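Commentary on secondary and tertiary structure
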Amino acid sequence: MTKTLRVSLALANKLSLIGLLACFSIRDSFNNRVEQKQVMFQTVENIILLAEKDDLQSYLRFLEDAFAYMVNYHYEEGMNLALQEMQSLLRQPDVGAIEDRALLCEFKELCYDRN
């Protein structure tokens, strides 16, 4: 039986997951250890796969920022996972704005250029 991580993204937004990403990114620039990046990538993937998504706008922002973080480290597996999740979210007409859809197109281009 699969357990679902019961993290409210509305609460997580208040705790600023994006800020957490920024802290890890800054720390990584000073101390470029593979283990730290792997933990960060696993955390992002676990949020994508297991977290309860109760605030889709905040979740979309998180995915966009996480994708940009992964691009810096050429983490293609995570980039593809985040890209698929963004595509799924943006199929819903009430999620995201035109800027988010344009950013998705740029992200797709980045992924296809790498392949």
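Look up: the structure comes first, before these words.
Position numbers for residues count from 1 along each chain, tracking the sequence in the order it is written. Where totals are concerned, whole chains, interfaces and linings use all residues; where local detail is concerned, this predicted model gives features only for residues with pLDDT of at least 70, and gives and counts side-chain atom pairs only at 80 or more. Each side-chain value is derived from all of the structure's non-hydrogen atoms; neither hydrogens nor water enter the calculation.

1. A look at the overall build of the chain
Helix and strand content of the chain: six helices and two strands. In DSSP terms, a helix is any run of H or I states spanning at least four residues, a strand is any run of E spanning at least two, and both are numbered starting from the N terminus. For the chain, the N- to C-terminal ordering of α and β elements is β-α-α-α-β-α-α-α. Within the span of the chain, comprising 115 residues, buried residues form 35% of the whole. Residue pairs in contact within the chain that sit at least 24 positions apart in sequence constitute 68% of those at least 6 positions apart. Calculation of accessible area relied on Shrake-Rupley with a 1.4 Å probe; when residues are assessed, cover is drawn exclusively from the protein chains displayed. Roughly 7100 Å² of accessible area belongs to the chain as shown, and the carbon and sulfur atoms make up 55% of that amount. Whether a residue is buried, partly exposed or exposed follows from its accessible area with a 1.4 Å probe, protein chains only, as a fraction of its type maximum: under 20%, in between, or over 50%, in that order. By definition in these notes, contact holds between two residues if any of their heavy atoms fall within 4.5 Å.

2. Quick notes on the environment of His-74
Along the chain, His-74 turns up in the loop between helix H4 (56-72) and helix H5 (76-90). Each C-alpha atom, one on His-74 and one on Cys-111, is 9.9 Å from the other, the two residues being 37 residues apart in sequence.

3. Let's talk about H4
Along its 17 residues, H4 runs 25 Å from first to last C-alpha, staying within 8% of the 24 Å computed at 1.5 Å per residue. For H4, every residue scored as buried is listed here: Ser-58, Tyr-59, Leu-60, Phe-62, Leu-63, Glu-64, Ala-66, Phe-67, Tyr-69, Met-70 and Val-71. His-74, located one to two residues past H4, shows a positive phi value of around 55 degrees. To estimate the expected span of a helix, count its residues, drop one, and scale the result by 1.5 Å.

4. Thoughts on the nonpolar core
Throughout this description, the term nonpolar core refers to a set of buried Ala, Val, Leu, Ile, Met, Phe, Trp, Tyr and Cys residues connected via side-chain atoms within 4.5 Å. Counting residues in hydrophobic clusters, the biggest one holds 26 residues, and the most contacted among them are Leu-63, Phe-67 and Met-86. Among the elements of the structure, helix H3 (34-50), H4, H5 and helix H6 (98-114) are those that each provide at least two residues to this core. Top contributing element to this core by residue count: H4, with nine residues.

5. A short note on H5
Relative to the 21 Å expected for 15 residues at 1.5 Å per residue, H5 spans 21 Å between its end C-alpha atoms, a close match to the ideal helical length. All buried positions along H5 are accounted for by Gly-78, Met-79, Ala-82, Leu-83, Met-86, Gln-87, Leu-89 and Leu-90.

6. Describing unusual backbone geometry
Despite not being glycine, His-74 shows a phi value in the positive range, around 55 degrees. Taking the relative accessible area as the measure of exposure, His-74 reaches 53% and is therefore exposed.

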